[in-house]
Each structure stands twice: as structure tokens, then as C-alpha cells.
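# Summary of the model geometry
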Amino acid sequence: MSIICAFFGHRNIPENLEPHLHELVERSITEYGATEFWDGYYGGFDELAADVAISLKTKYPHIRLKRIFAYSPTSSVPRRGFDTNVYPEMLDQYPDSWHIPRRNLWMAAQCNLAITYIEHANSRIHEPFDWLVGKKPVFNLGSYQPPSD
């Protein structure tokens, strides 16, 4: 059975994030047994996370990277470095404007752990993080903290 690590984060990221992200992705492999990484590939954090996972494939050839589409893909050919693409068909029941937030919550429900870069709640990317906290290991490279009850 695969141990799935999902990535969630903002479009805009700081330039110095890569070493910290690399360390967390490698730790997810060595300490948590992650074998599969899920990436929405939509913005700066997703792109950097995919690049880090791809770079670690040489050291850990057993890991896999899946792109999780928010919209029905026009091509099933994976982007360079990705092993496969997935489109959660349950998204078809929602209007287009809900696809990304619903895809993210679907990913959060399916994964075993997550690595995030969330600085604020001004976008809906904090929703999967809020849902994950207390349920599964989640590592945030940003400063966002979920509201306390």
C-alpha cells in the first residue's frame, strides 16, 4: 500500500523555500515511508514541490509523482517527471469555480500526510490544511496557524 504525501501551497513563494522543502520531502520518505507524492501543479509551491520530488527520484527510485488535475485534462500524457495524471471524476458534479478547492479537499482526505506552504487565509488553500490538522501529519513551511476553537 502506498503512503501518500500531498502538496498544498500558495502560488507566490519566497526564493529560499527550496532547501526547507527538500528536507521535508526527504524526511517524508525516510521517516514516514512516503512512496507517492500528489501535486496539483498550480502555482509556485506546487511547481517547486514537483521539482523537488522529481530530483529525489534518483536517490529514491521507488517514489512516484502524480499530478492531480482540478479540471478534466485534454491530454493524458504526464508532464516530464510525473508518473501519471489523475482526475477525480467526482469534480464533474461541481461548477468550475469549485474544482480547485474540492480537488484539494479530496487530496487531503486521501493522503496520509501533507507538506504545505501557507502564509495566510486570504485564499482557500488553507482549507485542506485546516481539515488535516489533528487528523494526519501536516508540515507547514509558512506562518499560517489554523483558528483555534
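In case you missed it, the structure is sitting above this.
Before going into details, it helps to say that this report is about the structure given with it. (Residues numbered from 1 in each chain as written. Predicted model: local features only at pLDDT ≥ 70, side-chain atom pairs only at ≥ 80, totals over all residues. Heavy atoms only, no water.)

## Considerations on the environment of Tyr41
Here is the rule: Runs of H or I in DSSP of at least four residues are treated as helices and runs of E of at least two as strands, each being numbered from the N terminus. In what follows, residue pairs with any heavy atoms lying within 4.5 Å of each other are defined as contacts. Pairs of N or O atoms are called polar contacts if they sit within 3.5 Å, as long as, within protein, a hydrogen donor faces a hydrogen acceptor (for residues adjacent in sequence, only side-chain-to-side-chain pairs).
Within the secondary structure layout, Tyr41 lies in the loop between β2 (36–39) and α2 (44–56). For the pair Tyr41 and Phe7, spaced 34 residues apart in the sequence, the C-alpha separation amounts to 9.1 Å. When near neighbours in sequence (up to four residues on either side) are disregarded, Tyr41 contacts Asp46, Glu47, Ala50, Arg67, Arg79 and Phe82. A polar side-chain atom of Tyr41 sits 2.9 Å from a polar atom in the side chain of Arg79.

## Topic: the pairing of strand β3 (residues 64–68)
Defined as follows: Two strands pair under a simple rule: DSSP has to find at least two bridges between them. Looking down the strands as they point away from you, a crossover is right-handed if its path from the first strand over the helix to the second goes clockwise.
Pairing of β2 with β3 involves four bridges; the strand directions are parallel. Paired with Phe37 across the two strands is Leu65, which belongs to β3. Considered for its hand, the β-α-β crossover made up of β2, α2 and β3 is right-handed. As defined by bridge partners, β3 adjoins strand β4 (residues 84–86) across three bridges and the pair is classed as parallel. Note on β4: the bridge partner recorded for Ile68 is Val86.

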